[in-house]
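One letter stands for each residue in the lines below.
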Amino acid sequence: MRQDLSSLALDFLAPGHPQVSNAVLPLYCAAFPAEERVPFPVLCKKAQGGSAAFWGLSLCSRFCGFAYCYDTGPAVFLMCLAILPELRGKGLGGQALGLLARRYPSRTFTLDIELYDPAAPTTDLRTRRRNFYLRSGYRSSGLGYSWEQVRYELLLSGGALTLEEWQQVFRPAFGAKKQIELIPLAELLNNQREAGAE
């Protein structure tokens, strides 16, 4: 029996909701590399404090994925979006982005993705992930950053952000005391090539 993909729903999940620990946590661990994952209790604490939110995705009332967002004032920072593996490639991710945009109307959305690296074992995944967001209306900001030895490109959908607004986007995720150094993408790519040549 074919599922009706148009019945995708997006619902707010309080951090204590059973679906957060029973469905979101296993998918989070499966979908994102360990070196990129923020400890899950930290995500829950930030959601409990109101600076972030878990959004559950369901298809015909069955869990199929989740999103995790920071509403930072200047923009909504989409930290995570994951769909169950057996349902990927069916357009649900793009629909989820549309549902999120309706939840945060007229807002700029931002996200980070691993910088393309032809030497990385996940090059194909990085390319597919980037292409998915570009097809969904996101564009490169021309900026990136480095965190814990991983380089990221910043994408956005909506209006451009000033450097101060970018810092406001990062504060809830990285902490008020941590200043993220934004680097022009061309420079970040060049730094990556030089690091690979050593």
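As shown above, the structure is provided for reference.
First, a word on what this report is: a plain description of the structure on this page.

Each value, and the rule that gives it
Within every chain, residues take consecutive numbers counted from 1 along the sequence as written. Reporting in this predicted model follows two pLDDT cut-offs: at least 70 for local features of residues, and 80 or more for side-chain atom pairs to be given and counted; totals over whole chains, interfaces and linings ignore these cut-offs and use all residues. Processing note: side-chain calculations cover all non-hydrogen atoms of the structure and skip hydrogens and water entirely. Each helix corresponds to a stretch of at least 4 residues labelled H or I by DSSP, and each strand to a stretch of at least 2 residues labelled E; elements are numbered beginning at the N terminus. Note on contacts: a residue pair qualifies if any of its non-hydrogen atoms lie within 4.5 Å across the two residues. Under this definition, polar contacts are N or O atom pairs within 3.5 Å; protein pairs additionally need one hydrogen-donor-capable and one acceptor-capable atom, and for neighbouring residues in sequence, both atoms have to be side-chain atoms. Definition used for salt bridges: Asp or Glu carboxyl oxygen within 4 Å of a side-chain nitrogen of Lys or Arg. When a residue's accessible area, from a 1.4 Å probe over protein chains only, is under 20% of the maximum for its type it is buried; when over 50% it is exposed; and in between it is partly exposed. Aromatic pairing here means that ring centres of Phe, Tyr or Trp (its six-membered ring) are within 6.5 Å. Orientation follows from the plane angle: under 30 degrees is stacked, over 60 is edge-to-face, and everything else is tilted. Axis lines are fitted through C-alpha atoms, for helices just across the contact stretch, and the angle between N-to-C directions can take any value from 0 to 180 degrees. Oblique is the label for any angle not under 35 degrees, not over 145, and not in the 65 to 115 range, which are roughly parallel, roughly antiparallel and roughly perpendicular in turn. The handedness criterion is simple: a crossing whose near helix is rotated anticlockwise from the far helix by less than a right angle is left-handed, and one whose near helix is rotated clockwise is right-handed. In the scheme used here, Gly and all other residues not listed as nonpolar or charged are polar, with Ala, Val, Leu, Ile, Met, Phe, Trp, Tyr, Cys and Pro taken as nonpolar and Asp, Glu, Lys and Arg as charged. Note that a disulfide, as used here, is simply two cysteine sulfur atoms within 2.5 Å.

### Description of the environment of serine 136
Phase 1 of the analysis: Its place among the elements puts serine 136 in the loop between helix 4 (123-135) and strand 6 (139-147).
Phase 2 of the analysis: Measuring from C-alpha to C-alpha, the distance between serine 136 and glutamine 95 comes to 9.1 Å, with 41 residues separating the pair along the chain.
Phase 3 of the analysis: Aside from chain neighbours lying at most four places away, what touches serine 136 is Gly94 and Leu97.
Phase 4 of the analysis: In this structure the side chain of serine 136 is engaged in a polar contact, spanning 2.9 Å, whose partner is the backbone oxygen of phenylalanine 132.

### Things to note about the pattern of salt bridges
Phase 1 of the analysis: Counted according to the given criterion, the structure contains five salt bridges.
Phase 2 of the analysis: Between arginine 107 and aspartate 71 there is a salt bridge, with the nearest N and O atoms lying 2.9 Å from each other. With arginine 107 in the loop between helix 3 (92-103) and strand 5 (109-114) and aspartate 71 in strand 3 (residues 62-71), this pair connects stretches of sequence that are 36 residues apart.
Phase 3 of the analysis: Two residues, arginine 126 and glutamate 114, come together in a salt bridge whose shortest N-O distance is 2.8 Å. Residue arginine 126 is found in helix 4, and its partner glutamate 114 is found in strand 5; the two are separated by twelve residues along the sequence.
Phase 4 of the analysis: The exposure class of arginine 126 is buried, given its relative accessible area of 14%.

### Things to note about the packing of aromatic side chains
Phase 1 of the analysis: Counted according to the given criterion, the structure contains 16 aromatic pairs.
Phase 2 of the analysis: Here the aromatic rings of tryptophan 55 and tyrosine 104 are separated by 6.1 Å at their centres, their planes lie at 80 degrees, and the arrangement is edge-to-face. With tryptophan 55 in strand 2 (residues 52-59) and tyrosine 104 in the loop between helix 3 and strand 5, this pair connects stretches of sequence that are 49 residues apart. For the pair formed by tryptophan 55 and tyrosine 104, the shared burial category is buried.
Phase 3 of the analysis: Consider the rings of tyrosine 133 and tyrosine 138, whose centres lie 5.6 Å apart with planes at 75 degrees: the pair is edge-to-face.
Phase 4 of the analysis: Grouped by ring-pair contacts, the aromatic residues Tyr28, Phe32, Phe40, Phe54, Phe66, Tyr68, Tyr70, Phe77, Tyr145, Tyr152, Trp166 and Phe170 constitute a single cluster.

### Overview of unusual backbone geometry
Phase 1 of the analysis: Although it is not a glycine, serine 61 adopts a positive phi angle of roughly 70 degrees.
Phase 2 of the analysis: Note on placement: serine 61 falls in the loop between strand 2 and strand 3.
Phase 3 of the analysis: The backbone of serine 106 shows a phi angle near 60 degrees, a positive value even though the residue is not glycine.

### Structural notes on the environment of phenylalanine 109
Phase 1 of the analysis: With respect to the helices, strands and loops of the structure, phenylalanine 109 is situated in strand 5.
Phase 2 of the analysis: In contact with phenylalanine 109, other than residues within four places in its own chain, are Val76, Leu100, Ala101, Tyr104, Tyr138, Leu155, Leu156 and Ser157.

### Looking at the packing of helix 1 (residues 18-31) against helix 2 (residues 40-49)
Phase 1 of the analysis: It is the contact of helix 1 with helix 2, at a shortest axis distance of 11 Å, that shows an interaxial angle of 125 degrees. The angle between the axes of helix 1 and helix 2 places the two elements in the oblique class. Note that helix 1 runs across helix 2; the crossing there is right-handed. When helix 1 is examined against helix 2, the residues Val20, Val24, Leu25 and Tyr28 are found in contact with a partner set consisting of Phe40, Leu43 and Cys44.
Phase 2 of the analysis: Along the lines of polarity and charge, the residues of the contact of helix 1 with helix 2 split into seven nonpolar, no polar and no charged.

### Concerning the state of the cysteines
Phase 1 of the analysis: Scanning the entire structure with this criterion turns up zero disulfides.
Phase 2 of the analysis: For the unlinked cysteine cysteine 29, the closest cysteine sulfur is that of cysteine 80, found at 11 Å.
Phase 3 of the analysis: Among the cysteines around cysteine 44, which has no disulfide bond, cysteine 29 carries the closest sulfur, lying 11 Å off.
Phase 4 of the analysis: Residue cysteine 44 is classed as buried on the basis of its relative accessible area of 19%.

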